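Below are the chains, spelled out letter by letter.
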Amino acid sequence: MFRVTRRYEFAASHRLHSGALSEEENRQLYGKCNNPHGHGHNYVVEVSVRGPLDRATGQAVDIAILDELVRREVVRPFDHRNLNLEVPAFASVVPTSENLGFEICRRLKRNWEQAFPGEWPKLEKIRIGETARNIFEVGTDEIE
Ligand code: NI
């Protein structure tokens, strides 16, 4: 069994602000990330899949198919967007990298069978680099 990880990048802005908290609580919790006018990140998204080697192709995953899926569902809808204002999933959900991981996972899972109709490869993990020092990882089995 192989694990294959492919890296994608997009730039987006966001503001961390929870409707469940007061203005003061938001400021305390999120600090400068609560700035009303937002701020940006160059996000790095790593998508890990696993599957057996296909003897005919010598590959475990058709990277071109994965690229098509991730670009269509994640990179294009998020790149150079304000996540709070332009991505409906974040209209009332705080666009932290954790929630971004959930949303990316949902988008890929929703379209996975159409892209990869066979038993393999399976989506395994999403890893989001928000800054050089903040990296978030979620196993896709943990998300519906
Ligand atoms: Ni931020």
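Everything discussed here concerns the structure shown above.
Residues numbered from 1 in each chain as written. Predicted model: local features only at pLDDT ≥ 70, side-chain atom pairs only at ≥ 80, totals over all residues. Heavy atoms only, no water.

### Comments concerning the overall build of the protein
Per the secondary structure count, the protein includes four helices and five strands. Reading the helices (α) and strands (β) of the protein from amino to carboxyl end gives β-α-β-α-β-α-α-β-β. For the protein, the C-alpha atoms occupy an extent of roughly 60 × 25 × 25 Å along the three principal directions. Burial statistics for the protein: of 144 residues in total, 40% are counted as buried. As displayed, the protein offers around 8,600 Å² of accessible surface, 48% of which is attributable to carbon and sulfur atoms. (Helix = DSSP H or I, 4+ residues; strand = E, 2+ residues; numbered from the N terminus. Buried < 20%, exposed > 50% of the residue type's maximum accessible area, 1.4 Å probe, protein only. Areas by Shrake-Rupley, 256 points an atom, 1.4 Å probe, with all protein chains shown as cover.)

### Looking at the side chain of asparagine 26
As for its position among the elements, asparagine 26 is in helix 1 (residues 23–30). Apart from the residues lying within four places of it in its own chain, the contact partners of asparagine 26 are His17, Ser18, Leu21, Gly31 and Asn34. (Contact = heavy atoms within 4.5 Å.)

### Describing unusual backbone geometry
Look at the link from tryptophan 120 to proline 121: it is a cis peptide, with omega at -5°. Structurally, the position occupied by proline 121 is in the loop between helix 4 (97–115) and strand 4 (122–129). Backbone geometry at histidine 80 places phi at a positive 60°, although glycine is not the residue there. Along the polypeptide, histidine 80 turns up in the loop between helix 2 (63–78) and strand 3 (81–82). On the accessibility criterion, histidine 80 (67% relative accessible area) is exposed.

### What to know about the packing of helix 2 against helix 4
The contact between helix 2 and helix 4 brings their axes to 10 Å, and the two run at 140°. In this view, helix 2 runs oblique relative to helix 4, as classed from their interaxial angle. Between helix 2 and helix 4 lies a crossing whose hand is right-handed. Contacts between helix 2 and helix 4 involve Ile65, Leu66, Leu69, Val70, Arg72, Glu73, Val74, Pro77 and Phe78 on the former and, on the latter, Leu100, Glu103, Ile104, Arg107, Leu108, Asn111, Trp112, Gln114 and Ala115. Considering only residue class, the contact of helix 2 with helix 4 consists of 12 nonpolar, two polar and four charged. (Axes fitted to C-alpha atoms, helices over the stretch in contact; angles between N-to-C directions. Parallel < 35°, antiparallel > 145°, perpendicular 65-115°, else oblique. Left-handed = near helix turned anticlockwise from the far one by under 90°. Nonpolar A, V, L, I, M, F, W, Y, C, P; charged D, E, K, R; others polar.)

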